[in-house]
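Below are the chains, spelled out letter by letter.
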Amino acid sequence: MRSIVFLLCLITGPTYSLSIADVQGSGHTSPYLGQQVTIEGVVTQTVDAVSGFFIQSEQADNNPNTSEAVFVYTGRRGHQVNTGDLVRIRGTVDEYDGQTQITRPNLIQLIGQRALPAPQPLRDISQAESQESMRVLSAGSVSNLYQLSRYGSVELSNGYWLDDNQFSTRPELSDWQLNVRLQQSLANSPAILVHRFGEYRLFAQAVELVGNPRPPAPDKPQGAIRLVVSNLFNFFNGEQGSFSSSRGPNTSEQWQRQLAKTSKAINQLQPDILVVSEAENDFHTANSALSELASATGLQLVNSRQRTGEDAIAVNILYKPSTIALTGSAIYLTDLDTRNRVPMAQRFTSRQGGSLLLSAQHWKSKRCNHDDCGKTARFNAAQAVSAWLKNEADVLVAGDLNSYYGDPAWQYLVEHGWQTLLTESDYTYHYRGRFGALDHVFSRNLDNWTAVTHIWHINADEAPWRSYQAVNAPLDATRYSDHDPIIIDLFHH
C-alpha cells in the first residue's frame, strides 16, 4: 500500500490544520501566504508539465466566494499520488503566477480513495477566482486560434482559455487541436480551472467540440455560370528559384504546398470565372505563379502578358474557355490612388448566351502606417471605380476591398447605385475575435442575370497552422488563404 512521504525538510514555525477554502480565502491572495498549513483533499489531476497535482475538498464550505481546491507544487515530474487518492498535505502557502499553491510539501499522506468531486458549472470570468483549481464543466466557444500551434491553447468567447496542459512551445497537437475550428463550442466535459500566464485556463481531461463542422464546397447548380472571388494569400512561386520576397513562401517546399492547397480548393469550387487578389505581379514572365495555378486548374489567364502597377502583388482574372469566352480586351484603371492595386476589367460572353463585365479589385489594407489606416485610399478607390464603370451594363465589381459592411468606401458604392451581393452577417475574414467581410461583390445594371451568393468557410474559421507555411499542414483545401472565397452562381434570363 502507498502510504506516507514525510519530513522532507525541517518544519519551522506554527503549522495550521485548515480546510482548502480557508487557505484560498475569498480574495486573490491567500490569507496564509508564506505559512505552513496542513490540508486534506482528493487528488483530481496530476500534471507533469507543471510539476504537481490538484486536490479538492470532499465537502464544500457553502461559501461561493472561496475555492475548494488548490494546486500542490512538488517541483518534480512523477508523483506519489494518483487521481482519486484522498491525501493529507503539509507545506507552505505560496502565490505563483496569480494562483495559490502549496509549495514543496514535506508531508504527503495517503488516507484512502474517493470518488472525484462533481464538476461545477463554470462561472462568469469575473468570478473565476472563486473556482481556482476546482473541477468545473468546460464551457465557451472558440474565438481565437493564433496561439494553438505555438502554445497549444485556444481563446474562448467567455474570456477563458482552453489549454493542452503541456506548457511547451510547438507542442505535438492532439486530435482536438488538429481539427478545432473557430465558433465551435465546448461540450460540458470536466476540466480543472487554473491561472497561468495571466489568464484563467481550462485543463480539460477530454475535449469535445461541437458545431461549425468543416463544410464541403457548395454544389454547382446546372446551368450556372460560377464566379469565384478569392484572395490568394500572397501567391508567390519565387523569382528564378529564389524565394527572397518578403511575401509568400520562403522555400520551394512551401510553394509546392501552397500550390497544392490552392489548386485543390479551386478545383472543388469549379469556377467559370475566377477573380483573384494578392497574386505575385509577374504575369509578364513565362513561369508566373498564376500560370502554374492555371495549369493545375484547367483555367486560362486573362492577363498573361503584362505587369500591372509597381506593387509586388496584383489582381487578375482566370476563366474556363469551354463555358465562357472573352469579349474584347481587358482594360485597366491606372489613374488611381497608388496605395490601391491597379483594377482591371474584362467582359465575358457565356457559351449559353449573355455577357458580363467583371472588374477585379484589391484596395488598400487596414494596416496603419502613419496614415488613416487606408480609409482615404479605399474611399478614393470607390469613387474612381464607380465613375470608371458607371455606364457599363451587367457589371460586377469583385475582390478584396478591405472594407467591412458599412465602412465609408463600402457605403459610397451603395449610395451611388451599386448593389451588394452579400449581407451584413456574411464574413470572409477573422481578426482578433471579429468576423466580417473584407471581400465583396457589387453589381450594377445586372438586369439580365440572377445571382445566388455563397461563402465557403474553409479558411477564416481554420487554425493558421493548417496553411502552407507549416511543414505538417494537411494538403487539402483548408486554410489555403486567410480569406474565405465568395461564390456567385449566375443564371442568365
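As a starting point, this report considers the structure included with it. Only a predicted model underlies this, so the values are computations on that prediction, with no experimental measurement involved.

Definitions and limits used
- Throughout this description, residue numbers start from 1 for each chain and increase along the sequence as written.
- In view of the model being predicted, local features appear only for residues whose pLDDT reaches at least 70, and side-chain atom pairs are presented and counted only at 80 or more, with totals across whole chains, interfaces and linings using the full set of residues.
- Only hydrogens and water are removed before side-chain values are computed, so all heavy atoms of the structure are retained for them.
- Comment: elements are numbered from the N terminus, with helices defined as DSSP H or I runs of at least four residues and strands as E runs of at least two.
- Here the globule rule reads 2.2 Å times residues to the power 0.38, and the radius of gyration is calculated from C-alpha atoms.
- Any residue under 20% of the maximum accessible area for its type is buried, any over 50% is exposed, and the rest in between are partly exposed; the area is computed with a 1.4 Å probe on protein chains only.
- In what follows, a contact means two residues having at least one pair of non-hydrogen atoms within 4.5 Å.
- Strand pairing is defined by DSSP finding a minimum of two bridges between the two strands.
- Salt bridge criterion: a side-chain nitrogen from Lys or Arg within 4 Å of a carboxyl oxygen from Asp or Glu.
- Think of it this way: a Phe, Tyr or Trp ring, Trp meaning its six-membered ring, pairs with another when their centres are within 6.5 Å, and the plane angle makes it stacked under 30 degrees, edge-to-face over 60, tilted otherwise.
- Both a distance and an angle decide whether a charge sits over a ring: NZ of Lys or CZ of Arg must be within 6 Å of the ring centre and within 35 degrees of the ring normal.

### Details of the overall build of the chain
- Across its full length, the chain holds seven helices and 30 strands.
- Expected size for 493 residues packed as a compact globule is a radius of gyration near 23 Å; at 29 Å, the chain overshoots this value by more than 25%.
- Among the 493 residues that make up the chain, the fraction classed as buried is 53%.
- Intrachain contacts of the chain at a sequence separation of at least 6 include 69% that bridge at least 24 residues.

### Considering the sheet that holds strand β14 (residues 190-196)
- Strand order in the open sheet made by the seven strands is β8-β9-β14-β15-β12-β11-β10, with mixed pairing throughout. Looking at the sheet topology across the chains shown, the edges are occupied by β8 (120-121) and β10 (142-144).
- With two bridges joining them, β8 and strand β9 (residues 135-137) adopt parallel strand pairing. Each residue of the ladder has a partner; that of Gln-120, found in β9, is Val-136.

### Considerations on unusual backbone geometry
- Despite not being glycine, Asp-97 has its phi angle at roughly 55°, a positive value.
- Along the chain, Asp-97 falls in the loop between β6 (85-96) and β7 (99-113).
- Unusually for a residue other than glycine, Arg-104 sits at a positive phi of about 40°.
- Residue placement: Arg-104 occurs in strand β7.

### Considering the pattern of salt bridges
- Summed over the entire model, instances satisfying the criterion amount to 15 salt bridges.
- For Glu-58, the salt bridge goes to Arg-114, with nearest N and O atoms at 3.0 Å. Taken together, the residues span a long stretch of sequence, with Glu-58 in the loop between β4 (52-56) and β5 (69-73) and Arg-114 in the loop between β7 and β8 at a distance of 56 residues.
- Accessibility expressed as a relative area gives 37% for Arg-114, which makes it partly exposed.
- Notably, a salt bridge pairs Asp-311 with Arg-341, separated by 3.4 Å at the nearest N-O pair. Of this pair, Asp-311 sits in the loop between β19 (300-301) and β20 (313-319) while Arg-341 is found in the loop between β21 (324-332) and β22 (344-350), placing the two residues 30 residues apart along the sequence.
- Each of Arg-181, Arg-214, Lys-261, Asp-461, Glu-462, Arg-466 and Asp-476 takes part in salt bridges that share partners, so that together they form one network.

### Section: the packing of aromatic side chains
- For the structure on display, the rule yields nine aromatic pairs.
- When the centroid spacing of 4.2 Å and the interplanar angle of 40° are considered together, the rings of Tyr-405 and Trp-410 count as tilted.
- Taking the relative accessible area as the measure of exposure, Tyr-405 reaches 31% and is therefore partly exposed.
- By the ring-pair criterion, three or more aromatic residues cluster together here, those being Phe-54, Phe-71 and Phe-203.
- Positioned over the ring face of Trp-161 is Arg-201, at 5.4 Å from the centre of the ring.
- Lying across the ring of Tyr-404, Arg-434 places its NZ or CZ 3.8 Å from the centre.

### Observations regarding the environment of Asn-82
- Within the secondary structure layout, Asn-82 lies in the loop between β5 and β6.
- We classify Asn-82 as partly exposed; its relative accessible area is 42%.
- Measuring from C-alpha to C-alpha, the distance between Asn-82 and Phe-53 comes to 9.0 Å, with 29 residues separating the pair along the chain.

### Observations concerning the side chain of Ser-288
- With respect to the element layout, Ser-288 can be found in the loop between β18 (273-280) and α5 (289-297).
- Residue classification places Ser-288 among the buried positions, given a relative accessible area of 1%.
- Each residue touching Ser-288, except ones within four places of it in the same chain, is listed here: Asn-237, Asp-282, Phe-283 and Leu-301.

### Considering the pairing of β5
- With respect to burial, β5 is a largely interior element, four of its five residues being buried.
- Taken together, the five bridges between β4 and β5 define a ladder with antiparallel strand orientation. Looking at the pairing, Ile-55 lines up with Val-70 of β5.
- Across three bridges, β5 lies against β7 in parallel orientation. The partner of Phe-71 across the bridge, within β7, is Gln-101.

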